Every structure is written in C-alpha cells, then in structure tokens.
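# Breakdown of the fold
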Amino acid sequence: MNQETALEMERIIRSQPYAGEFQELLLSFVAEKAKERGSWSDIVRTVHNLLAGDCPRIEAIAAAAELAVLASDILDDLQDQDQSDKLWMQCPPSHALNSVVALMMCFTSELGVCGLPPEAIAEAGRIISRSLQGQYRDIRNSAESPDEYLQLVQEKSGSIFQLMVHLGSAAAGAENPQRELLLGLADCTGLIHQIQNDLRDITRLGQKNDILMKRKTLPVLFLLSLQDEWEFRFFQQYYRGEMEWEEFLQRTGDYEAFIDNSGCREYSLVVQGLCVDRAEELMGQLDAPPSRKEQLKEFMYGAFVRE
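Residues numbered from 1 in each chain as written. Predicted model: local features only at pLDDT ≥ 70, side-chain atom pairs only at ≥ 80, totals over all residues. Heavy atoms only, no water.

### Focus: the pattern of salt bridges
Counted by the stated rule, this structure contains 26 salt bridges. Across the pair glutamate 36 and lysine 86 runs a salt bridge, and its minimum N-O distance is 3.9 Å. Taken together, the positions of glutamate 36 in the loop between α2 (20–34) and α3 (40–50) and lysine 86 in the loop between α4 (58–80) and α5 (93–113) put the pair 50 residues apart, joining distant regions of the chain. We classify lysine 86 as buried; its relative accessible area is 15%. Here the residues in one salt-bridge network are Asp76, Asp80, Asp138, Lys156, Asp210 and Arg215, joined through shared partners. (Salt bridge = Lys/Arg side-chain N within 4 Å of Asp/Glu carboxyl O. Helix = DSSP H or I, 4+ residues; strand = E, 2+ residues; numbered from the N terminus. Buried < 20%, exposed > 50% of the residue type's maximum accessible area, 1.4 Å probe, protein only.)

Structure, rendered in structure tokens:
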C-alpha cells in the first residue's frame, strides 16, 4: 500500500470521535495493513480513471475502501482463527470485534463526507451484506457441490472486488451498462483469486491446511466426488469423521504426490481458466481506452492470463 493511502486512512480515523487507547489500536491496525504489498485502493482509482472520472475526493474514497477491507480481513481472521501473527489476532477478540464496527463506521461516514449519492452508499452496504452472506456460508462449510462453492466465493470474495469497482464507478458517475460489466468482472476476479488460494492451501500441512480443517474448497469437493475410486475412499471417510488425521496421512503416504495424482489440481485450474476467459470477455466489452483497461487488468487478474 502506498504511504499516501495509509495517511488518508489515518486521517479518516482521526476525524471520528475515537480517542486514547482505542484510536491508537485502530491506527496500529492501519499500519499493519499498510505493510501488505497489494492495494485494493488501486482498483478504485483505476476504475475511476478508466471511466474518465474527475471526482476531487477519489483519494478519500479509495482510502475509505481500504478501511472496509481491513474490517473484513479482521472479521475473517477472527472467524477462521488463523493469521496469528496479525496485530488484531494478538489483542482480546472483543477489542478486535469492536474495531471491525468502528472501521465500518469510518467507511460509511467518509462516503457521506465525500458526497457520494445516498443510493451509491446504500448499494455499497448491499454489496458488503452480500459478502457477509458468503462469509457465513463459508463458516458453516455449507457447500456440497462445486456450483454451490463457486456461488459462495462470488458472494464472499467477489463482493470485495465488487465494492472496489462500485466505488470507483460511483465516483465517476458511470452509466449502468459499464457498471454491470465491471461488477461481473469483479465476481470473476474473486473466483480466480480464491481458487488460487485453494490450490495453495490444500498442499500445506500446517495449521491452515484445508483438509486438516475439513474445509470444502473447490479441489476438496472434487476429491469428495471420487467415491467410486477405491484409492480415494479413505478421503471421504476422513471427512465423515470415520478416520483421524494421523491415519489419513498414513493412508496418503506421500501427501503431495497424493494431491498431484488425484486430479484435483488440474480440475481447479480448468475452472480457474474458464473464469479468466470470462473476465477477458467482459474486459473486452468495456468502452474505455485499451491502456486503461490493461491497467485495470493488471491490478485485478493480469497475472493469471495465459499467453
């Protein structure tokens, strides 16, 4: 994250009636977030620029968007009980939860200060609610099929990208056809990144391993579907609670080889590739200069485009 955005996030927090220890806690979370390499605010700015916007408060809107993402990150980590190295996981959970609410109040308040229309602020709230719906379904591990999981990911992860493109387009006063294309692009981007995370996490044998935690991700759902193949039946047994983790590892032998031989990687990469193709199709339909579309692609999904 660039320093200017972090400073703007601090300004927004200081503009609210938070004081003393609580204000310092919120500012420390912003400092923690600022260490990350990526920047969600880049998407807000790039969409605004792509649509030839001239909003004088775009930097404040982009910083407010980062505060909303920070609140979402804290909530996600609290619910998953991972990322123990983050500051918000090292303070009492009640303090972190209070911070989530405070950051969301900063977000909505700043959108009003920046002069976004009430309907645009209401739509931002609807998108965040959609993300919370997906997060709840994820917590419950409720997906039973790849289609259900992809819908869950669109709600949970796609909505964060949707919030960024919505704020950028709202600041630019985008017409509905452009906005709808951008929202569809955001959902595709959420899927692309989540599938990548799934593929990375399934091979980790540490605390966050998806199989250890019996999470139903896209590659896991593929493995669970292999019920007629004898060498994978123990996988279903483990998920049904009929086998302990230690026995599971004994049955797999070379765990990484087991994952490689299962076909779950290839399956997930095919689905991810279809999402990239759809993103490219939507990007092509946007009415904007090619250089600006390339910049947006770079920030959203450029690393996944096949040559």
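We are not done yet, so read on.
### Details of the side chain of aspartate 201
Here aspartate 201 is to be found in helix α8 (residues 176–201). Among the polar contacts made by the side chain of aspartate 201, one reaches the side chain of arginine 200 at a distance of 3.4 Å. (Polar contact = N/O pair within 3.5 Å; in protein donor to acceptor, adjacent residues only side chain to side chain.)

### What about helix α14 (residues 290–300)?
Among the residues of α14, those classed as buried are Lys293, Leu296, Lys297 and Met300. For α14, the angular spread of buried residues about the axis comes to 100°, placing them on one side. Exposed residues pointing more than 90 degrees away from the buried face of α14 are listed as Ser291 and Glu298. Against the buried residues of α14 lie α3, α7 (146–172), α8 and α13 (264–285). (Arc of directions from axis to C-beta. Contact = heavy atoms within 4.5 Å.)

### Points about the side chain of arginine 130
Position of arginine 130 among the secondary structure elements: in helix α6 (residues 118–139). When near neighbours in sequence (up to four residues on either side) are disregarded, arginine 130 contacts Gln154, Glu155, Gly158, Ser159, Gln162 and Asp187.

### Description of the environment of glutamate 123
Positionally, glutamate 123 belongs in helix α6. Residues glutamate 123 and isoleucine 160, spaced 37 residues apart in sequence, show a C-alpha to C-alpha distance of 13 Å. With residues up to four places along the chain from it excluded, the contact list for glutamate 123 reads His166 and Arg179.

### Concerning the environment of glutamate 180
As for its position among the elements, glutamate 180 is in helix α8. Among the residues examined, glutamate 180 registers a relative accessible area of 47% and is labelled partly exposed. Between the C-alpha atoms of glutamate 180 and valine 165, which are 15 residues apart in sequence, the distance is 10.0 Å. Here the side chain of glutamate 180 touches arginine 179 through a polar contact of 3.3 Å, side chain to side chain.

### Re the packing of aromatic side chains
According to the stated counting rule, one finds 14 aromatic pairs in the structure shown. On the numbers, 5.9 Å between centres and 55° between planes, the contact of phenylalanine 235 with phenylalanine 248 is tilted. One end of the pair, phenylalanine 235, is in helix α10 (residues 233–239); the other, phenylalanine 248, is in helix α11 (residues 245–252), with 13 residues separating them in the sequence. Residue class for phenylalanine 235 comes out buried when judged on its relative accessible area of 0%. A relative accessible area of 0% places phenylalanine 248 in the buried class. For the ring pair phenylalanine 248 and phenylalanine 258, a centre distance of 6.3 Å and an interplane angle of 90° mean the geometry is edge-to-face. Placement of phenylalanine 248 in helix α11 and of phenylalanine 258 in helix α12 (residues 255–262) is noted, with a sequence separation of 10 residues between them. Each member of the pair, phenylalanine 248 together with phenylalanine 258, is buried. Each residue in the set Phe234, Phe235, Tyr238, Tyr239, Trp245, Phe248 and Phe258 is aromatic and connected to the rest through ring pairs, giving one cluster. (Phe/Tyr/Trp six-rings, centres within 6.5 Å; stacked < 30°, edge-to-face > 60°.)

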